[in-house]
Structures are given as structure tokens and as C-alpha cells.
Amino acid sequence: MGSGLTQRAVAAGIVLALVVGATFVMLLYSMAGMRRSQLQAGHSTQVLVVTNRLERRIMDMETGLRGFAITGQERFLQPWQEALAAYPREIGELEQLVADNPAQRARVHRIVTAGASYIDGYARPLVQAARRDRAAVTAMAIAEGERRVDVIRADFSALVTAEQSLLESQQKRSDAAARRAGVVGAAGLIASIALIAAYTGYLTRAVVAPVRRVAATAGRLAGGDLAARVPGRGVGEIGLLQSSFNTMAATLAHNREELAASRSRIVTAADQARRRIERNLHDGIQQRLVSLALEVRTAQTAVPQDRPDLGEQLNRLADGLGEAVDDLREISRGIHPAILSRAGLGPALKALARRSPVPVELDLNVPTRLPEPVEVAAYYVVSEALANTAKHARATLATVQAEARDGVLHLEVRDDGAGGATAGGGSGLVGVTDRVEALGGTMTITSPPAQGTTLVVDLPVGGQ
Ligand SMILES: Nc1ncnc2c1ncn2[C@@H]1O[C@H](COP(=O)(O)OP(=O)(O)OP(=O)(O)O)[C@@H](O)[C@H]1O
Ligand SMILES: [Mg+2]
């Protein structure tokens, strides 16, 4: 059966889910990358801020120290003391911030060492010395401070440069992640739309169109066209539906053919039986009665002159026998029209027209002989139609047309009577309809009130 629709639908669903899922995973991954880069950028900014502040502290210390050394005024020591108080906490903060970066940690470590050496090895002793004797603080000592501060500032500068390049590369990574997220989102969207469009197209082609074809064929079948079949072979369950439908149509057509054949056999068998009975009546009892009547007539001539009563009795007997023969003939004709077997459809229809109480116009164009079942059916159609005209129509004229052409015997019987005929009102029209259909023919009755009645019959002639 190939892969079914269900499997294909499930496969399409899985592919779609994979595409959408992969798009979302990549989007989330890119967003996480962006978030990480932003956090790192924030961290670097913090490192730069703290570094900047520390550098200022060192500068404040150096400026305060130099002011105090030159002037001897204690107020110059105020920024030095403030910077000295804040320095350990802030340098600790910086150490913590760079703890996870070994290169920066080494730079900070150098600053810590240089800072400690500046504060404890130079600044504090200088303050104490200046307090003791300001004149002892030489210009050389002051220049030494400047040199040490320059070394520390160079370390700060290296730290800042390294952190700035870190910040820059983080910014680049963040930008790349944002670009990637955009591309992945757009590609996922396009792929999803394309997949949905392809799936919809496939569904239309594989399901909707074939179901429409099956529905159209079902309509033709319902209208009586049993040769209608669904073309093509669909996928999976649809293919199964099409082949089951075609099998059903073939079975219906076959059954109808069988039914028609069996109806035809029944009608033919009944006609043959009636014909046999008619022959038996004609050749048997009818002939016997005719010869008896002849014998009575002969006996009549031998009756003595003095027995007129006997002659009269024989006369009545001969008349009675003659009437019995007539009655029998009438009955035989009802059972099977002997003229039909003897002379064919044309003469038989002429005989019907002659016997009709309503005047009949004939227009016959039929071969001398047609297959017997066709002749019998045509005869009974015309016989029933003329009998109905006489019984129900109150018509002044009836016409009978018969023409055999292209393998079809076409019959039309019309009258100018009251109309209103329907098959089903009695048994006559139903009977001839059955007979016509048993031979694969069709019969239509057109009989509007007050506009006469027309019976049209088409009987297939070939293949009989
Ligand atoms: N030519 C006609 N004109 C008017 N009415 C008709 C004509 N033929 C038939 N009918 C009407 O149609 C009915 C059905 O006709 P149908 O031949 O089937 O039955 P029937 O003639 O009444 O009885 P049966 O034929 O069994 O003796 C009739 O009863 C009659 O009312
Ligand atoms: Mg009738």
C-alpha cells in the first residue's frame, strides 16, 4: 500500500517541529551569548571605574604628601589621609573583580606590591620625617615619590588598556551573537513558512483533489452512470478509498447486468410458454371443434324431411360450435398473438390498428423480422397503449410510429385525448415498462392533462 497518509502527516509534523525547535534553540543560544557578553562588559566597566578611582587615590596621596612636605601645613595631609583610609578597601575590591582573569590578576598584584611599597616604604616615612624636620625632606626625596607614582600609574595604564581590549572583544562577540540571532530567526521563519506552504500544497494535491474526484464520480454513479470510475491511484488511505470505490462501482455494474439478463430470461421464457399454449389451443382443441362443426353440418344434410326439429337442433349445435371456435380464437390471441409469430411486427401492428375502436394512423418503417423478444415487447407496448387510449383517453385519433435505426427500435404511440396517464395507476403500463427494461430498453410517458398522451420506447435490437 506504500506509506500511508498518517505516516506522511506525522513525518511532516516532525520535520516542522524540528525546524521550529532548532530555530528556537539557536535563538536561545544566541540570546544567552549576548547576555553573557553584556554581563562581562558590565564587569569590565566596573573594573575600569574602580581602577580609575584607585589611580585618583594614589594621585591624591602624592599631591597631599607633596603639599605637606613643601608647606608643613597639616591640612594638606587631609586628602592623603582620606585616600589612605579608602585605599585598602578599594584595592581589595579590584582584586576581587579580576580574580577570575590571571593576566589582570598579575597586573593588579604588581599594583598592590608597588602601592604597598609606595605607602609603607616611602610615603609614611616621608610624613614622619617631615613632621620631625621639614628641612630634612630633600628635593630628591620628593622626586623619588614622583618616580614611584609614575611606575604605579604605568601599571594602572597597562591594566586599563588590557581591560579596554577585553571590553572591545566582548562588544564584538555580543554584536556577532545579535547578528546570528537575526539570521537564525529569519531563516527559521522562512523555512517554517516554506514547509507549511509545501505541506498545505501536498495535502491539497494528495487528499482534497482526489476526494473531490471521488465525490464527482459518486455523483455520476448516483445519476445512473455505472461505468463511472475514479481515475488515478492516490497515496495510502486515499488510494484505498479510490480502489474500494472503483470495486464497488464495478460490482454494481456487474449486478445490474446480471439482473437485466435474468429479467430478460424470465420474460422470454414466459413468452415461449404462452406461445406453446397458443399453438396447442390452435392445433388441438380449435381444429377439433372446427372438424366437429363440419361433421354436424354434414349430419344436418342427412336429417329426414319429417324431422325438422332435429335439423333445427343440429343447426343450433353447429352455430354453438362456431361461436366456441371464435371465443377460443379470441382467448388464443390474448395468450399470444399468432400473427406476430407468423408474419412479424408490421402485420401484427396493422391488425392491432384495425381492431382499435379509436381510428389509428400507422407510420411503420421496420424490417420484416426482428428478434422475437423485441417483436413481442413492441407488440405489447402498442397493444397496451391502444387499449388505454380506448379505455381512458376519450381520443379522436391515435398514431403509431415504429422505426428501426442504428440498432434501436424506436416506437411512439400518441393520442389526442384527456392525458393524465401514469405508470402505477394500473398494471398495464407497469407491465410493459418491465418488459421494455428487461430487454435493456427505455420507456417514457408524457401525458399532461388535456394534451394527449405520448409513449416513447427505445428497444435495443442488436445482440439479441
Ligand atoms: N392514453 C391515456 N389517456 C388517459 N389516461 C390514461 C391513458 N393511459 C393510461 N391512463 C391512465 O393511467 C392509468 C394507468 O394505466 P394502466 O394501463 O397502467 O392501467 P389501467 O389501464 O387502468 O389498467 P390495466 O392496464 O391493468 O387494465 C389508467 O388507469 C388511466 O387513468
Ligand atoms: Mg391499461
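One can find the structure itself at the top, above this paragraph.
Residues numbered from 1 in each chain as written. Chains lettered and ligands numbered in written order. Predicted model: local features only at pLDDT ≥ 70, side-chain atom pairs only at ≥ 80, totals over all residues.

A. Fine view of the overall build of the chain. Each helix and strand in the chain was counted, giving 10 helices and 5 strands. Out of the 464 residues belonging to the chain, those deemed buried represent 21%. Once local pairs closer than 6 in sequence are excluded, the contacts in the chain between residues at least 24 apart make up 71%. (Helix = DSSP H or I, 4+ residues; strand = E, 2+ residues; numbered from the N terminus. Buried ≥ 20, exposed ≤ 12 C-beta atoms within 10 Å, placed from the backbone. Contact = placed C-beta atoms within 7 Å.)

B. Highlighting the sheet that holds strand β4 (residues 442–446). Overall, mixed pairing links the 5 strands, which are arranged β1-β2-β3-β5-β4 in an open sheet. The open sheet has two edge strands, β1 (360–365) and β4, and neither has a second partner. Ignoring which end each strand starts from, the neighbouring axes of this sheet average 10° apart. Here helix α8 (residues 345–355) sits on the sheet in contact with β1 and β2 (398–405), set at roughly 175° to β1. (Pairing = 2+ DSSP bridges. Axes fitted to C-alpha atoms, helices over the stretch in contact; angles between N-to-C directions.)

C. A look at helix α3 (residues 102–132). Its 31 residues place the ends of α3 43 Å apart at the C-alpha level, agreeing with the 45 Å of an ideal helix rising 1.5 Å per residue. Of all the bends found along α3, the most pronounced is centred on I119 and spans about 30°. Considered for burial, the residues of α3 that qualify are Q104, R107, V108, I111, A114, G115, Y118, A123 and A130. Tucked inside the fold, the buried residues of α3 contact α1 (5–71), α2 (77–97) and α4 (139–222). (Expected span 1.5 Å × (residues − 1). Bend = angle between axes of the 7 residues up to and from the residue.)

D. A look at the packing of α1 against α4. Where α1 contacts α4, the axes come no closer than 8 Å and their chain directions differ by 165°. With respect to their mutual orientation, α1 and α4 come out roughly antiparallel. For the pair α1 and α4, the sense of crossing is left-handed. Per-class residue counts for the contact of α1 with α4 are 33 nonpolar, 15 polar and 7 charged. (Parallel < 35°, antiparallel > 145°, perpendicular 65-115°, else oblique. Left-handed = near helix turned anticlockwise from the far one by under 90°. Nonpolar A, V, L, I, M, F, W, Y, C, P; charged D, E, K, R; others polar.)

E. Summary view of the environment of I152. Relative to the elements of secondary structure, I152 occurs in helix α4. Residues contacting I152, with those up to four places away along its chain left out, are I58, I111, A114, G115 and Y118.

F. Fine view of the site of ligand 1. Around ligand 1 sit 20 residues, and of these N388, A421, G425, G426 and G428 come closest. Residue assignment for the shell around ligand 1 shows that the elements contributing at least two residues are α9 (372–393) and α10 (428–438). At 5 residues, α9 tops the list of elements feeding residues into the shell around ligand 1. Grouping the amino acids of the shell around ligand 1 by side-chain chemistry returns 6 nonpolar, 12 polar and 2 charged. (Near = placed C-beta within 6 Å.)

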